[in-house]
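Geometric and topological summary
Residue strings, one per chain:
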Amino acid sequence: MKLLLCLECGDLFNLDYSIKKCSCGKVEGKYIDNINAVYKGGVAVPMGISNPSLLEAIRNQPEKGMGEEFTAFTIPKKCPTFIKQDQ
Ligand SMILES: [Zn+2]
């Protein structure tokens, strides 16, 4: 799952096939097919969540106590499936 973080307003959001923007409007992005996505914004950080890891954490969600961790990561600045369109 691809996400965008805006370092200006702090929004962290998923993508859709139509353009989505953060609250301050400085970061935007969208999927162009089921794998590839594009984004814009000098304060954008492309991020990902491991889908199998998230599904496992949902399956193991505890009733109380500590939460169940899952894997999230920053996507490299140069990534062939998540391309920055400006600069
Ligand atoms: Zn923003």
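Below or above, wherever it landed, is the structure these notes cover. Each chain carries its own residue numbering, running from 1 in the written order of its sequence. Owing to the predicted nature of the model, reporting of local features is limited to residues with pLDDT of at least 70; listing and counting of side-chain atom pairs is limited to 80 or more, with chain, interface and lining totals taken over all residues. Side-chain numbers come from the whole structure's heavy atoms, not from hydrogens or water.

**Regarding the pattern of salt bridges**
Oppositely charged side chains may form a pair once their charged atoms are brought near each other. We count it as follows: Here, a salt bridge means any Lys or Arg side-chain nitrogen found within 4 Å of an Asp or Glu carboxyl oxygen.
Tallying each qualifying case throughout the model produces three salt bridges. The residue Lys21 makes a salt bridge to Glu28 at a minimum N-O spacing of 3.6 Å.

**Here we look at the packing of aromatic side chains**
In plain terms, the rule: Working definition: rings of Phe, Tyr and Trp (its six-membered ring) pair if their centres are within 6.5 Å, and the pair is stacked with planes under 30 degrees apart, edge-to-face with planes over 60 apart, and tilted otherwise. In this text, helices come from DSSP runs of H or I with a minimum length of four residues, and strands from runs of E with a minimum of two, each type numbered from the N-terminal end. When a residue's accessible area, from a 1.4 Å probe over protein chains only, is under 20% of the maximum for its type it is buried; when over 50% it is exposed; and in between it is partly exposed.
Per the stated rule, a full pass over the model turns up two aromatic pairs. Centroid distance Tyr17 to Tyr31: 6.2 Å. Interplanar angle 50°. Geometry classified as tilted. With Tyr17 in the loop between β2 (12-14) and β3 (20-21) and Tyr31 in strand β4 (residues 28-31), this pair connects stretches of sequence that are 14 residues apart. Here Tyr39 and Phe82 contribute two aromatic rings whose centre-to-centre distance is 4.9 Å and whose plane-to-plane angle is 65°, an arrangement assigned as edge-to-face. Residue Tyr39 is located in strand β5 (residues 37-40), and its partner Phe82 is located in strand β8 (residues 82-84); the two are separated by 43 residues in the primary sequence. Judged by its relative accessible area of 0%, Phe82 is buried.

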